[in-house]
Amino acid sequence: MSVFAELVGQAEAVATLSRAAAAAARIVAGDTAGNGAMTHAWIFTGPPGSGRSVAARSFAAALQCERDGTGCGECHGCRTALGGTHADVRFVVPEGLSISVSEMRALVLRAASAPSGGRWQAVVIEDADRLTEAAGNALLKAIEEPPPRTVFLLCTPSTHPDDISVTIRSRCRVVALRQPPADAVAEVLVRRDGVAPDLAAWAAAAAQGHVGRAKRLANDPDARARREAVLTVPRRLTGVGACFDAASALIEAAEAEAAAASADTVTSERAALEQALGAGGTGRGAAGAMRGAAGQLKELEKRQKSRLTRAQRDALDRALVDLAAFYRDVLVTSLRAPVGVVHTDTATQSSAAAEKWTPESTLRRLEAVLACREAIDQNVKPKIAVEAMMLSLWRG
Ligand SMILES: [Zn+2]
């Protein structure tokens, strides 16, 4: 199966990337004519869950394909690149809220070497919107003078200057992914993951085009329970006290979800580091080694804490997206818009709310949720932002 098979509902992007991979294979073969389809730096944009990193990974695999760059998905190059073990495909995944300059410098240095497999060296930067300014500058230098066989693949939500610097953008070719249609997402859940068609259709609609989230909703009862809890918020807001309770509950749920998701890594990382440091050593030099060890443990704890903060924000944001969709459902119902509701399982509640509220007040509620997301993005303390939102949702 083609390396691009996981890319759902993105025919145009797949065509562009396939042409580029074929041109890249011709360059490797020594044929330099008509290879404009290939270039050294790419940006993959699209809404969360549309498959930005899947697209980058698939393209990196196609560049390593041993069958004329077709991205056959079967040869050794394709399989190891997709599996994340190919020596010439590197991934940068920021652990915290940003990619640091030292991380980026180390990467740029490694990227300057010739590919060991003789094809291309691919550097995939997931969440390139989380580059610090200094890290962005380090990357820019490498993109401006790329080693002959090195390709940079950047993933960001958009090409807005908030997400990626204008100068980096100007050096890259952009592949824009769309929000995949719900039926395409449902189809892949059935085909790839063996989900029952009814469940797949529901999960695809509820996930609003986010492929990974659709898969979790289809397979993970905890994810379904968390979503249901979020969707009880609108009917629980009966007074000021209830608003504050709902705000605490929403934030605690996001914290619990993030902690559960990272608990295993936190323990195993600490154990691995302690083992590497040979904890409990004695004798000459042991005191100095212990001081160094304490520093490294502190560094690890710092990284883990910043990763946890990010996971909490992501979990809270997912909850807010679900909540926003509920008010959107109310609005499309009261306006009798010819589009389906996102949350089919709360259609009774959303149509009851549509009877009760004016479209204007529903719109104000929807805007309150979006304003809350924006505020958190601007570093307002989540508790403050969510409490303000709950009060607006109650008043309407
Ligand atoms: Zn292949």
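Above this note sits the structure.
Residues numbered from 1 in each chain as written. Predicted model: local features only at pLDDT ≥ 70, side-chain atom pairs only at ≥ 80, totals over all residues. Heavy atoms only, no water.

1. Overview of the nonpolar core
Then comes step 1: If you look at the biggest cluster of nonpolar residues, it comprises 34 residues, and the most contacted ones within it are Leu250, Val386, Met389, Met390 and Leu393.
Then comes step 2: Among the elements of the structure, α10 (221-231), α12 (240-277), α13 (286-334), α14 (347-356), α15 (359-377) and α16 (382-395) are those that each provide at least two residues to this core.
Then comes step 3: Here this core takes 10 residues from α13, the largest share from any one element.
Then comes step 4: Not counting residues within four places of it along the chain, the set of residues in contact with Leu250 comprises Val230, Leu316, Ala319, Leu320, Val386, Met389 and Met390.
Then comes step 5: Judged by nonpolar contacts, the second largest core, of 33 residues, contains Leu17, Ala24, Val151 and Cys155. (Core = buried A, V, L, I, M, F, W, Y, C linked by side-chain atoms within 4.5 Å. Buried < 20%, exposed > 50% of the residue type's maximum accessible area, 1.4 Å probe, protein only. Helix = DSSP H or I, 4+ residues; strand = E, 2+ residues; numbered from the N terminus. Contact = heavy atoms within 4.5 Å.)

2. Examining the pattern of salt bridges
Then comes step 1: Per the counting criterion, the structure on display carries 17 salt bridges.
Then comes step 2: Two residues, Asp345 and Arg227, come together in a salt bridge whose shortest N-O distance is 2.7 Å. Placement of the pair is Asp345 in the loop between α13 and α14 and Arg227 in helix α10, with a sequence separation of 118 residues.
Then comes step 3: The exposure class of Asp345 is partly exposed, given its relative accessible area of 36%. (Salt bridge = Lys/Arg side-chain N within 4 Å of Asp/Glu carboxyl O.)

3. A look at the packing of aromatic side chains
By convention here, two paired aromatic rings are described through the distance between centres and the angle between planes.
Then comes step 1: Tallying each qualifying case throughout the model produces 3 aromatic pairs.
Then comes step 2: Taking the centre distance of 5.1 Å and the plane angle of 65° together, the rings of Trp42 and Phe59 count as edge-to-face. Here Trp42, found in strand β1 (residues 41-45), pairs with Phe59, found in helix α2 (residues 52-64); they are 17 residues apart in sequence, far enough to count as distant. Judged on exposure class, the residue Trp42 and its partner Phe59 are both buried.
Then comes step 3: For the pair Tyr327 and Trp357, a centre-to-centre distance of 5.9 Å together with 20° between the ring planes defines the contact as stacked. (Phe/Tyr/Trp six-rings, centres within 6.5 Å; stacked < 30°, edge-to-face > 60°.)

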